Amino acid sequence: MTQAEYITENKERFLNELLELLRIPSISARSENNNDTQRCAEAVAQKLREAGADKVEVCATDGHPIIYGEKIVNALLPTVLVYGHYDVQPADPLELWNSPPFEPVIKDGKIYARGACDDKGQMYMHVKAFETMMQTNTLACNVKFMIEGEEEVGSVNLGKFVVANTARLKADVILISDTSMISMDTPSIDVGLRGLAYMEVEVVGPNRDLHSGVYGGAVANPATILAKMIASMHDENNHVTIPGFYDDVNILSEAERKDLNDAPFDQKEFNSDLGIKLEWGEEGYSTLERTGIRPTLEVNGMWSGYIGEGAKTVLPGKAFAKISMRLVPNQKSETIAQLFETHFKNMAPATVTVKVHAHHGGEPYLTPTDSIPYLAAAAAIEKGFGKKPIPTRGGGSIPIVALFERELGLKSMLMGFGLDSDNLHSPNEKYDIYNFYKGIETIPHFYKYFAEMNA
Ligand code: BES
Ligand code: MN
Ligand code: MN
């Protein structure tokens, strides 16, 4: 039986198995879901065993478990290490979903559920592609699986696992489907990921919430101060104002910028999809550059004072914000976190005190387009889609990828089949069933070309 025949014959079951995984609310950030997250890990392990993997293990960590499994067919063949994640982002705000996030529904050929694209749908394509290669006797490389449950919370325990398991994880390349394509008609490969520095700040004013009439006008309001401080972190050209922020940014040549901007992109469509009247960003750069090759600073959340029903006249004692910065080569997460902290403290007026805390971070990443992994992935996509893929830069982050390179000496190939419009981290996350099958069909081509190119 050919791979295509096997996939066609087992289509329905492949999809139903994915729907089962999507029903498990494996939200890594929420401890009340710890049992679900554990259950999801065990379900993935079971699916790997059924697909034909050996030595499958649910490895306990200080957080959520990591699933390991492997199939070594021939010591002379190259080894592909597949990385993915079974954890998902919280689903709230729930009221904005058209159907419950953990009760997947299929509408217009798309699966709607939290994790449908990020990353259960994409991770599971690898399990089913592996099964297909096993059942058709076409597994062209050795394979190792490492599926984690803490990607959405910073992969801290995976980092430790990697350091402790370098021998077990020995491989020739890491293959990951956790990024997006431009569209199914315009296949692309993300050759870059941005890094991340994530900060939380607190502005403290009076020692308690005050009556805003009795004290208002005579005491600095931490919410106002915080708003001013945040607003001042972009100048009139939307450059970030933190001193030294851009010092290490790798500047692309005009030719590289031209290549990047040659990728099909429709600003009008972008705006109408998001319901915005006008795009925004750093002066002198296109939208693709703003998300691909430039660092940014964004407020992820702000809170202070009374936000319940009705009106309460109060001058809040404190104000808070979560602020993240996306980084590009050669910025360093720790350096940027330090620059932020120094700047935020320096600009605080004497009327308040401020606290700054750094959350998890991660380094930016680049895959060279002249490397064997890229060439094998490009050939696989060309075979699967009938078109050469365009190299693009993804705006998101997968912080563990830089650690893989540092600790294992391995390049990661980001062969993603999602779309930016799949509502990752948003309400009504979706994944096209067509993309799911296309991925299962295309992944074995990567194994074949990667083995050939390494021979
Ligand atoms: N799969 C995404 C990353 C991604 C999405 C990269 C689309 C490129 C295109 C991943 O699950 C993710 O959401 N990462 C987080 C980082 C993490 C530390 C929370 C992110 O980018 O915010
Ligand atoms: Mn992901
Ligand atoms: Mn994600």
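Residues numbered from 1 in each chain as written. Chains lettered and ligands numbered in written order. Predicted model: local features only at pLDDT ≥ 70, side-chain atom pairs only at ≥ 80, totals over all residues. Heavy atoms only, no water.

S.K.: Pulling in residues and values, what's your account of the pairing of strand E9 (residues 188-193)?
M.R.: Across the six residues that make up E9, a large majority, six, are buried. When E9 meets strand E17 (residues 390-393), the two strands line up parallel, connected through four bridges. By the bridge assignment for E17, Gly192 is matched with Arg393. (Buried < 20%, exposed > 50% of the residue type's maximum accessible area, 1.4 Å probe, protein only. Helix = DSSP H or I, 4+ residues; strand = E, 2+ residues; numbered from the N terminus. Pairing = 2+ DSSP bridges.)

S.K.: Please give an account of the coordination of the manganese ion (ligand 2) that cites residues and values.
M.R.: Coordination of the manganese ion (ligand 2) by the protein comes from His85 (NE2), Asp118 (OD), Asp178 (OD) and Asp178 (OD), over a distance range of 2.0 to 2.4 Å. Considering all six donor atoms around the manganese ion (ligand 2), the spread of angles at the metal, 57 to 165°, places the coordination shape in the irregular class. For the manganese ion (ligand 2), the donor residues sit on a single chain with the sequence spacing H-x32-D-x59-D. A separation of 3.6 Å is found between the manganese ion (ligand 2) and the manganese ion (ligand 3), which are bridged by Asp118. Here Asp178 lies in the loop between strand E7 (173-176) and strand E8 (180-181) and Asp118 lies in the loop between strand E5 (110-112) and helix H3 (120-135), a separation of 60 residues in the sequence. Asp178 carries the same exposure label as Asp118, and that label is buried. (Donors = N, O, S within 2.8 Å, 3.2 Å for Na, K, Ca; no water. Tetrahedral: all angles 85-135°; square planar, octahedral: opposite > 155°, others 65-115°.)

S.K.: Go over the sheet that holds strand E15 (residues 353-362) with me, naming the residues and quoting the values.
M.R.: Taken in spatial order, the four strands make up an open sheet running E12-E14-E10-E15, and their pairing is antiparallel. Either end of the sheet is taken by a strand with one partner, and the two such strands are strand E12 (296-304) and E15. Across the sheet, the mean angle separating the axes of adjacent strands is 15° when strand polarity is ignored. Sheet topology note: the strand E10 (residues 195-204)/E15 ladder contains eight bridges and is antiparallel. Paired with Glu200 across the bridge in E15 is His357. Taken strand by strand, helix H5 (residues 222-231) contacts E10, E12, strand E14 (318-327) and E15, and its axis lies near 15° from that of E14. (Axes fitted to C-alpha atoms, helices over the stretch in contact; angles between N-to-C directions. Contact = heavy atoms within 4.5 Å.)

S.K.: Mind laying out the domain arrangement of the protein, listing which residues take part and the relevant values?
M.R.: When cut into domains, the protein gives domain 1 (3-193 + 364-453) and domain 2 (195-249 + 295-362). Once you take the C-alpha centre of each, domain 1 and domain 2 turn out to be 35 Å apart. Facing ten residues of domain 1, the contacting portion of domain 2 comprises ten residues. Across the domain 1 to domain 2 interface the summed buried area is about 700 Å²; carbon plus sulfur atoms make up 64%. Of all residues in domain 1, the largest losses of buried area upon contact with domain 2 belong to Pro364, Ser397 and Pro399, amounting jointly to 61% of the total for that side. In this assembly, domain 1 and domain 2 are joined by zero salt bridges. Summed over the shared surface of domain 1 and domain 2, the result is one residue pair in polar contact (both at pLDDT 80 or more). Grouping the constituent residues of the side of domain 1 that touches domain 2 by class yields five nonpolar, four polar and one charged. (Domains from an automatic or database assignment. Buried area = accessible area lost by both parts, 1.4 Å probe. Salt bridge = Lys/Arg side-chain N within 4 Å of Asp/Glu carboxyl O. Polar contact = N/O pair within 3.5 Å; in protein donor to acceptor, adjacent residues only side chain to side chain. Nonpolar A, V, L, I, M, F, W, Y, C, P; charged D, E, K, R; others polar.)

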